[in-house]
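Single-letter residue listing:
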Amino acid sequence: MKQLQDLQKAIVKSQIWKSIFRVGIPTDNRKRALAMLGNVVLHLHPIKVKKSGLRMSYTWCMGGTAFFLFLVETITGLLLMFYYRPTVEYAYFDMVDLREVAAFGIMRELHRWAAHAMVIAVWLHMFRVFMTGSYKPPREFNWNVGVILLVLTLLLSFTGYLLPWDQLAVWAITVGSNMARATPLLGAEGPGAAFLTLGGEKLIHVGSDARFGLIAGRTIGGGTLIRFYVLHCLGIPFVAACLMAVHFWRVRKDGGISGPV
Amino acid sequence: MDALKSFINTLSYPWFSFTLSLVLFVAVVKLKKLWTHAGGWLMLALITVFFCGSMLDENFRSVVAKPDNVPIVMMVYLTGYFWWLAMYKGIKNDQAIEAGAPTFEKSESEDKVFTWPDLVFSELICMVVLTVGMVVWSIVLKAPLEEPANLSVAPNPSKAPWYFLGLQEMLVYFDPWMAGVVLPGLIIVGLMAIPYIDTNPKGNGYYTFKERKSEIFLFLFGYIVLWVQLIVIGTFLRGPNWNFFGPYEFWDINKIEPLVNIDLSEIIWIKLLGVGLPSHWLPREIFGIILMIGYFVVLPVAMSKMKYFKRFYDEMGGPRFYTGATLFLTMMLLPIKMYARWVFNLKYIVHIQEFFFNI
Ligand code: HEM
Ligand code: HEM
């Protein structure tokens, strides 16, 4: 025991440790404050929080849970990208390999279930924010950032759903993207599209409408796969991460967690 | 047992179960006794008994136990639990306010505590619990992988991902441009508009029910009845050809539902007036068009004069009131169309196939 404690002391006092964690384990209030200020992750939080907001029964931890699940998605998704090739030839069989040969064979599971759980967590977070009236001034804007994050979360799940390239995937995306056909003005079968003509030529047809843009072709195919892949792994997560930064920043700037005034 | 099952199957048919859910929803929100510990346990017990009992049924089990449907069961439980929690805390606070005491949040919010260790450590514990939960879930339940993609063989039913099944369920009542584009778009717009429409300054930063009854009632109606419930129906009760199946019913591909739906124009021109349909769309659809204009233009103005809505109008002012009323009426179009379908077999209120403009 004694040796262990000495070892711990030696580590904490070493130049390496001190160069990373400036403050050490906080033992007094000054150090508690400094710990929050000196660490890039922890400084997301303020030094002190309202006691009422700390309660799990107040925030339900759902914002944090959504964020945590987003991080899980990022890590597991990155690992999946090592194996997965977004082409019609390989995609499905890479999935089979992932389930049967790859080490740590639960990455796909983790990624899929965390995605479902994130959708649920975001809905519940919105539910909580509504029930505590936390969208009211001064937090109107942050609620709006949240709504966009909600849409992005759904789009992330939707684009990811196609990637296994099995029957479940392609038909779910078929059903979903068929809706785009009916977009007013911009879908080939949408109300008003027939009016958009140029010199008698129809501007909006199956080869140019919103659905065509979404799935990169007249039917789901290799083009759709690569498009969804890029959006799923790069485009949407990037935008979502930026908006999360804004979202967290605004939580602080709007006066920290909400509470009665 | 079989009699009970077929009774529940019949009960769950949309027109009946939706009506039942409306009645239950209103009753549940009003019934203070349910939002107590005893009430919570009772509801939990009822749902769990129903759920576990139903798992004995083969047809029920085969749908619920699909890997992708497991999260939905989870969502139902979590939504129920948090709904209870929010109401429980709200009603407790209401009682405190009535007694002149501070709300639970108020009594603690003056008090500030250090983020380290209180918040940081709860977050750490939360993350550990979540990690363990996710790993266990991933080990127990394999992610689904079906046959390789084949665009010439459509599975029946073909379903969108589960979180969009509420929208797919709306396709029963609306054309894709409404169910798939306009209504989802308006859900987003409506959500974003909430903070700017709601002018009630009370209930900011604490749970309450009494101080914002109408807001909470409306939100719960949209979220629980129209969103979560429709997802549950779309997932568990819609089988081949998107036909309706009771929870214990076998998903029979050959089940045939008669298509007897007719348009408003046909009801009026043919059935009531006894003349044929005019050939030009404008006279043909004129009644539907008038109805829609009345609904979206005249009704909001009339509402602003009605006793019940007038106080909102006075409080919110014109622009807020009309935006809110339009969004509200759009949302109500869904239940209205549902009932019109069930009662009159109504297909379209306005049906201008010439421009794909059908409501
Ligand atoms: C035990 C569950 C949790 C509780 C009770 C909780 C509570 C809180 C509270 C009270 C705040 C607002 C702080 C403020 O006033 O500014 C907050 C913000 C935040 N939480 Fe959590 N949280 C939990 C879980 C998590 C988890 C697991 C994560 C990370 C993976 C997380 C990440 C964040 C972030 C990034 C913010 C925004 C930055 C800030 O405003 O401080 N939370 N949380
Ligand atoms: C990916 C999605 C999202 C993430 C990661 C996220 C994360 C967070 C976190 C960590 C907090 C701190 C307090 C808490 O945990 O409750 C928070 C607060 C907040 N969120 Fe979100 N959020 C997301 C989506 C949303 C959505 C969909 C809405 C609303 C429609 C929303 C509106 C708000 C508001 C208004 C606050 C301030 C609440 C308060 O001060 O009580 N967020 N969010």
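The rules behind the values
Residues numbered from 1 in each chain as written. Chains lettered and ligands numbered in written order. Predicted model: local features only at pLDDT ≥ 70, side-chain atom pairs only at ≥ 80, totals over all residues. Heavy atoms only, no water. Core = buried A, V, L, I, M, F, W, Y, C linked by side-chain atoms within 4.5 Å. Buried < 20%, exposed > 50% of the residue type's maximum accessible area, 1.4 Å probe, protein only. Helix = DSSP H or I, 4+ residues; strand = E, 2+ residues; numbered from the N terminus. Near = heavy atom within 4 Å. Polar contact = N/O pair within 3.5 Å; in protein donor to acceptor, adjacent residues only side chain to side chain. Nonpolar A, V, L, I, M, F, W, Y, C, P; charged D, E, K, R; others polar. Domains from an automatic or database assignment. Contact = heavy atoms within 4.5 Å. Buried area = accessible area lost by both parts, 1.4 Å probe. Salt bridge = Lys/Arg side-chain N within 4 Å of Asp/Glu carboxyl O. Pairing = 2+ DSSP bridges. Patch = residues over 30% accessible without salt bridge, like charges linked within 9 Å, V, L, I, M, F, W, Y side chains within 5 Å. Areas by Shrake-Rupley, 256 points an atom, 1.4 Å probe, with all protein chains shown as cover. Phe/Tyr/Trp six-rings, centres within 6.5 Å; stacked < 30°, edge-to-face > 60°. Lys NZ or Arg CZ within 6 Å of the ring centre and 35° of its normal. Donors = N, O, S within 2.8 Å, 3.2 Å for Na, K, Ca; no water. Tetrahedral: all angles 85-135°; square planar, octahedral: opposite > 155°, others 65-115°.

### Description of the nonpolar core
Trp123 of chain A together with Trp83, Trp162 and Tyr223 of chain B are the most contacted members of the largest nonpolar core, which totals 147 residues. With 17 residues, the single largest contributor to this core is helix H8 (residues 107-131) of chain A. Residues Ala35 and Leu42 of chain A together with Trp116 and Val120 of chain B belong to the second largest nonpolar core, which totals five residues.

### Focus on the site of ligand 2
Residue and element names in this part refer to chain A. Residues in close proximity to ligand 2 total 27 residues, the closest being His125, Arg128, Gly146, His247 and Ser258. Here an oxygen atom of ligand 2 sits 3.1 Å away from a polar atom, N or O, in the side chain of arginine 139. Take histidine 247: an N or O atom from its side chain is 2.8 Å from a nitrogen atom of ligand 2. Among the secondary structure elements, those contributing two or more residues to the shell around ligand 2 are helix H6 (62-83), H8, helix H9 (140-162) and helix H12 (222-253). Here the element with the most residues in the shell around ligand 2 is H9; it accounts for seven residues. Residue composition of the shell around ligand 2, by class: 14 nonpolar, eleven polar and two charged.

### Some thoughts on the domain arrangement of chain A
Once the domains are mapped, chain A shows domain 1 (1-43) and domain 2 (59-253). For domain 1 of chain A and domain 2 of chain A, the distance between their C-alpha centroids amounts to 41 Å.

### Quick notes on the interface of chain B and chain A
Listed per partner, the contact involves 92 residues of chain B and 92 residues of chain A. Summed over both partners, the interface of chain B with chain A buries about 8700 Å², with 72% contributed by carbon and sulfur atoms. If you sort the residues of chain B by the area they bury against chain A, Phe114, Trp116 and Leu145 of chain B come out on top, with a joint share of 8%. Inspection of the region where chain B meets chain A yields five salt bridges. For the salt bridge of lysine 136 of chain A with glutamate 215 of chain B, the shortest nitrogen-to-oxygen distance reads 3.1 Å. Across the chain B-chain A interface, the total number found is 44 residue pairs in polar contact (both at pLDDT 80 or more). Elements with a contribution of two residues or more to the side of chain B that touches chain A: helix H5 (70-98), helix H6 (104-109), strand S1 (112-114), helix H7 (115-140), helix H9 (176-197) and helix H10 (213-236) of chain B. Tallying contributions element by element places H7 of chain B first for the side of chain B that touches chain A, with 16 residues. Bridging between strand S1 (residues 48-50) of chain A and S1 of chain B involves three bridges; their strand directions are antiparallel. Looking at S1 of chain B, one finds that lysine 48 of chain A is bridged to phenylalanine 114 of chain B.

### Concerning a nonpolar patch on the surface
Together, Phe121, Leu124, Met127, Val128, Val132, Val136, Ile139 and Val140 of chain B make up an exposed nonpolar region whose accessible area comes to about 730 Å². Here leucine 124 of chain B lies in helix H7.

### With respect to the site of ligand 1
Close to ligand 1 lie 21 residues, the nearest being Leu44, His45, Cys61 and Ile257 of chain A together with Glu123 of chain B. Near ligand 1, the surrounding residues belong to chains A and B. Between ligand 1 and the protein, one listed contact pairs an oxygen atom with a backbone N or O atom of isoleucine 257 of chain A at 2.8 Å. Glutamate 123 of chain B places a side-chain nitrogen or oxygen 3.0 Å from a nitrogen atom of ligand 1. If you list the elements that add at least two residues to the shell around ligand 1, you get helix H4 (51-54), H6 and H12 of chain A together with H7 of chain B. For the shell around ligand 1, the element with the highest residue contribution is H7 of chain B, accounting for five residues. Grouping the constituent residues of the shell around ligand 1 by class yields 13 nonpolar, six polar and two charged.

### Thoughts on the packing of aromatic side chains
Geometrically, a pair of aromatic rings is defined through the distance of the ring centres and the angle of the planes. Inspection of the entire model under this criterion finds 50 aromatic pairs over all chains. Ring centres of phenylalanine 25 of chain B and phenylalanine 217 of chain B lie 5.2 Å apart, and the angle between their planes is 45 degrees; on these two criteria the pair is classed as tilted. Taken together, the positions of phenylalanine 25 of chain B in helix H2 (residues 14-30) and phenylalanine 217 of chain B in helix H10 put the pair 192 residues apart, joining distant regions of the chain. A relative accessible area of 29% places phenylalanine 217 of chain B in the partly exposed class. The ring of phenylalanine 114 of chain B carries lysine 48 of chain A above its face, with NZ or CZ at 5.0 Å from the centroid. A cation over an aromatic ring shows up here: arginine 311 of chain B above the ring of tyrosine 308 of chain B, its NZ or CZ 5.0 Å from the ring centre.

### Quick look at the domain arrangement of chain B
Residue and element names in this part refer to chain B. Entries for chain B in the domain assignment read domain 1 (1-106 + 206-257) and domain 2 (264-358). For the pair domain 1 and domain 2, the summed buried area comes to about 830 Å², and 84% of that belongs to carbon and sulfur atoms. Of all residues in domain 1, Phe18, Leu218 and Leu226 bury the most surface against domain 2, accounting for 41% of the area lost on that side. Between domain 1 and domain 2 we count zero salt bridges in total. Linking domain 1 with domain 2 are one residue pair in polar contact (both at pLDDT 80 or more). Of all the secondary-structure elements, those providing two or more residues to the side of domain 1 that touches domain 2 are H2 and H10. By residue number, the principal contributor to the side of domain 1 that touches domain 2 is H10, which donates six residues.

### Focus on the coordination of the iron atom of ligand 2
Residue and element names in this part refer to chain A. Listed as protein donors to the iron atom of ligand 2 are His125 (NE2) and His247 (NE2); their distances from the metal cover 2.0 to 2.1 Å. Geometry at the iron atom of ligand 2 is octahedral, judged from its six donor atoms and the angles of 85 to 178 degrees they form at the metal. On the criterion of sequence distance, the pair formed by histidine 125 in helix H8 and histidine 247 in helix H12 is long-range, its members being 122 residues apart. A single burial state applies to histidine 125 and to histidine 247, both of which are buried.

### Some words on unusual backbone geometry
In this structure, proline 117 of chain B follows tryptophan 116 of chain B across a cis peptide bond, with omega equal to 5 degrees. Residue position: proline 117 of chain B is located in helix H7. Proline 157 of chain B follows asparagine 156 of chain B through a cis peptide bond whose omega is 5 degrees. As for its position among the elements, proline 157 of chain B is in the loop between H7 and helix H8 (165-170). Backbone geometry at tryptophan 60 of chain A places phi at a positive 60 degrees, although glycine is not the residue there. Among the secondary structure elements, tryptophan 60 of chain A is positioned in the loop between helix H5 (56-59) and H6.

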